[in-house]
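# Understanding the architecture of this molecule
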Amino acid sequence: MSLNGGRGGADGVAVPLSPPDLVESALAAVAAGAGEVLVHPRTPCGRESLSPRVVGPLLEAMRGAGVFVPLSVSAGIGAEPDPAGRLERVRSWTVLPDRAVVHFAEPGAEELAQALLARGVAVDAVVPLGGEGGAGPDAEPGPDALERFLAWPVRDPGRIRLAVELAAADPALVAGLRWLPPVPLLLFGRGAAAWPVLRLAARCGAATRTGVGDVLHLPNGRRARSNAQLVAAAREISAAAGAATAGSR
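Treat the numbers as computed from the prediction; the structure is a model and nothing was measured.

Next up on the list: the side chain of Glu165. Examined against the element boundaries, Glu165 turns out to sit in strand S5 (residues 160-166). The class for Glu165 is buried, based on a relative accessible area of 17%. Looking at Glu165, its side chain comes within polar contact range of the side chain of Arg190, at 3.0 Å. Once residues within four sequence positions are removed from consideration, Glu165 is found in contact with Val127, Pro128, Leu129, Phe188 and Arg190.

A separate point is the nonpolar core. Among the nonpolar cores identified, the biggest contains 58 residues, and Met62, Phe104, Leu116, Phe149 and Leu187 are the most heavily contacted of them. Ranked by residue count, the leading element in this core is helix H4 (residues 109-118), at six residues. Once you skip the residues sitting within four places of it in the chain, Phe149 turns out to touch Phe104, Ala125, Val127, Val154, Ile160, Leu162, Pro181 and Val183. One finds Leu198, Val215, Leu230 and Ala233 within the second-largest nonpolar core, a separate group that totals 14 residues.

Turning next to the packing of aromatic side chains. Summed over all chains, the structure comprises three aromatic pairs. Centroid distance Phe104 to Phe149: 5.6 Å. Interplanar angle 85°. Geometry classified as edge-to-face. On the criterion of sequence distance, the pair formed by Phe104 in the loop between strand S3 (99-103) and H4 and Phe149 in helix H5 (residues 142-151) is long-range, its members being 45 residues apart. Of the two residues, Phe104 and Phe149, neither departs from the other in class, the shared state being buried. Centre to centre, the rings of Phe149 and Trp152 are 6.3 Å apart; their planes meet at 50°, and the pair counts as tilted. Classification of Phe149 by relative accessible area gives buried; the value is 0%. Judged by relative accessible area, Trp152 falls into the buried class, the value being 6%. These aromatic residues form a ring-pair network of at least three members: Phe104, Phe149 and Trp152.

Moving on to the environment of Ser18. Tracing the backbone through its elements, the reader meets Ser18 in the segment before helix H1 (19-32). Residue class for Ser18 comes out partly exposed when judged on its relative accessible area of 29%. A C-alpha to C-alpha distance of 15 Å links Ser18 and Val212, two positions 194 residues apart in sequence.

The rules behind each value
- Residues numbered from 1 in each chain as written.
- Predicted model: local features only at pLDDT ≥ 70, side-chain atom pairs only at ≥ 80, totals over all residues.
- Heavy atoms only, no water.
- Helix = DSSP H or I, 4+ residues; strand = E, 2+ residues; numbered from the N terminus.
- Buried < 20%, exposed > 50% of the residue type's maximum accessible area, 1.4 Å probe, protein only.
- Polar contact = N/O pair within 3.5 Å; in protein donor to acceptor, adjacent residues only side chain to side chain.
- Contact = heavy atoms within 4.5 Å.
- Core = buried A, V, L, I, M, F, W, Y, C linked by side-chain atoms within 4.5 Å.
- Phe/Tyr/Trp six-rings, centres within 6.5 Å; stacked < 30°, edge-to-face > 60°.

Laid out in structure tokens, this is it:
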């Protein structure tokens, strides 16, 4: 579940930004059925940050409040544009997340992923497919990001998950992923693609995610009031897709 993503205050009250709001939103989302929580830590002024003085207290606050599902932190250029700076930040963390998101469309992704694994942090390797992809002006197109992931030696498949961001719910793109390294697969979309991709993931038996970091509206087009509401809708869709798949066998 993507708790806040790159959103800001202009995106509405459903987006939690302060540590207390992030903790409250995470607890409610877990109660609604979220199995993981992905957060973009922020400084008091609202800027994304990988500083240990920002990441550590937030993780401790979440765990101390009872958020006991795996906690993931986004380690992208939105928080630290310089690849060397990102490495320095994650190596200085005093409190570790369970997972970290590494965008393989960004420079230095391989070194960052390896540094995280060396610290005992599992990695979600994000690869965009079917669109422009990327996470910023320095990002590379989706196919190049996939090629970079494939060229990166996966020495610890048990702690690496391939997170494919689909621009559209295209079954052909998913079918093309069957020859990839034997690592767990997560499929997700953003904006208009979020719910169609979630349905596709449910039919394929792949992991998926939702949250205001990815989508601000419910499947019926109404504005979501909270992450918990999005999680509840996602669970309903996944359950229905699973039942339909089972019934067709």
